[in-house]
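Topology and contacts: notes
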Amino acid sequence: MIPAAAPLPLPEAPARDVEVLLSAEEIARRVRELGQEITAAHPGGELVLLSVLKGSFIFAADLARAIPLPLRIDFLGLSSYGGKTETTGVVQITSDLTRPIEGAHVVIVEDIIDTGLTMAYLLDNLATRRPASVKICALLEKPGRSRLPIAIDHRGFVIPDRFVVGYGLDFDERYRNLPFVGVLDPGAAGRVG
Ligand code: 5GP
């Protein structure tokens, strides 16, 4: 007989420097709803989930499994922060799509829209590749911060203007493996950086 597995400890000690904002259960429920929304809105034809790395990799994995349609998943590496908690405004493609998206219905899967600068850059870039349509699915939005208006088609949660980590989001490459989204204690951010 196989012995029952002991519960795994959380990958990071949450109480120490991260305060829970959205629990794993709340996120799972909302991701299922977003999957239903995207499924219902899909016009037919080729569907491509375009996951913006690195922050959306966990969200994209869960979202893909909540969409019961044939689809492709591709990844685009974008970087705009470089180890800081404020955007530099300079966006870099760190790795490109593996296949063309011409004629495809693309759903961009993004972790968070803050100032909108990254998404505006991405929309301009994708338009040159002639997709049939482009929709935006963002897990989180910090609306007070928007510098460029972005029309989000599928939105998970609106959150306050705090720097958050977990569920794929990092600070200086840490905390991505937290199963929840939490607010990073500013003191901890200083210590880690
Ligand atoms: P924007 O260009 O909209 O200001 O920023 C978008 C990108 O900045 C996101 O894809 C994400 O990588 C990063 N970002 C913005 N706000 C946060 C945050 O609160 N926490 C983390 N970890 N990254 C953020």
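Counting from 1, residues in each chain are numbered in the order their sequence is written. Thresholds applied to this predicted model are a pLDDT of at least 70 for local features of residues and 80 or more for the giving and counting of side-chain atom pairs; totals over whole chains, interfaces and linings are not thresholded and use all residues. Heavy atoms from the whole structure form the basis of all side-chain values; hydrogens and water molecules are not counted.

This part takes up the packing of helix H2 (residues 24–41) against helix H3 (residues 57–64). Orientation is described by lines fitted to C-alpha atoms, with helices fitted over the stretch in contact, and by angles between N-to-C directions that extend from 0 to 180 degrees. Labels follow the DSSP assignment, with helices taken as runs of H or I lasting at least four residues and strands as runs of E lasting at least two, numbered in each case from the N terminus. Their axes nearest at 9 Å, the elements H2 and H3 cross at an angle of 60°. With respect to H3, the element H2 is oriented oblique. You can see that H2 and H3 cross each other, and the crossing is right-handed. Contacts between H2 and H3 involve Val31, Leu34, Gly35 and Ile38 from the first element and Phe59, Asp62 and Leu63 from the second. Across the contact of H2 with H3, the residue classes break down as five nonpolar, one polar and one charged. Orientation categories follow fixed angle ranges, with anything under 35 degrees roughly parallel, anything over 145 roughly antiparallel, 65 to 115 roughly perpendicular, and all other angles oblique. By the definition used in this description, the sense in which the near helix is turned from the far one sets the handedness, with an anticlockwise turn below a right angle giving left-handed and a clockwise turn giving right-handed. Every residue pair with non-hydrogen atoms within 4.5 Å of one another is taken to be in contact. Under the convention adopted here, Pro, Cys and the residues Ala, Val, Leu, Ile, Met, Phe, Trp and Tyr are nonpolar, Asp, Glu, Lys and Arg are charged, and Gly plus all remaining residues are polar.

Neighbouring the ligand are 16 residues; Thr115, Thr118, Lys142, Val164 and Asp170 lie closest to it. Pairs of N or O atoms within 3.5 Å make up the polar contacts considered here, provided that, within protein, one atom can donate a hydrogen while the other can accept it, and that residues adjacent in sequence are counted only when both atoms are side-chain atoms. Lys142 is positioned such that a nitrogen or oxygen atom in its side chain is 2.8 Å from an oxygen atom of the ligand. Its free accessible area being 510 Å², the ligand has 92% of it covered by the protein chains. Secondary structure elements with two or more residues in the shell around the ligand: strand E5 (105–113) and helix H4 (117–127). At four residues, E5 tops the list of elements feeding residues into the shell around the ligand. Of the residues that constitute the shell around the ligand, the class distribution is seven nonpolar, three polar and six charged. The criterion for a residue being near a molecule or strand is simple. One of its heavy atoms has to lie within 4 Å of it. Computed by Shrake-Rupley with a 1.4 Å probe, the accessible areas treat only the displayed protein chains as cover when residues are assessed.

So, about the nonpolar core. Counting 25 residues, the largest nonpolar core has Phe59, Leu63 and Leu140 as its most contacted members. Counting residues per element, the ones that place at least two in this core are H2, strand E2 (47–53), H3, E5, strand E6 (133–141) and strand E9 (181–184). When residues no more than four places from it in sequence are discounted, the contact partners of Leu63 are Val31, Leu34, Gly35, Ile38, Val109 and Cys137. By convention a nonpolar core is built from buried Ala, Val, Leu, Ile, Met, Phe, Trp, Tyr and Cys residues, the set being connected through side-chain atoms within 4.5 Å. Relative accessibility under 20% of the residue-type maximum defines a buried residue, over 50% an exposed one, and the middle range a partly exposed one, all with a 1.4 Å probe and only protein chains included. Counting 20 residues, the second largest nonpolar core, distinct from the first, contains Val91, Ile101, Ile136 and Ala138.

These results come straight from atomic positions and should not be treated as a statement about function.
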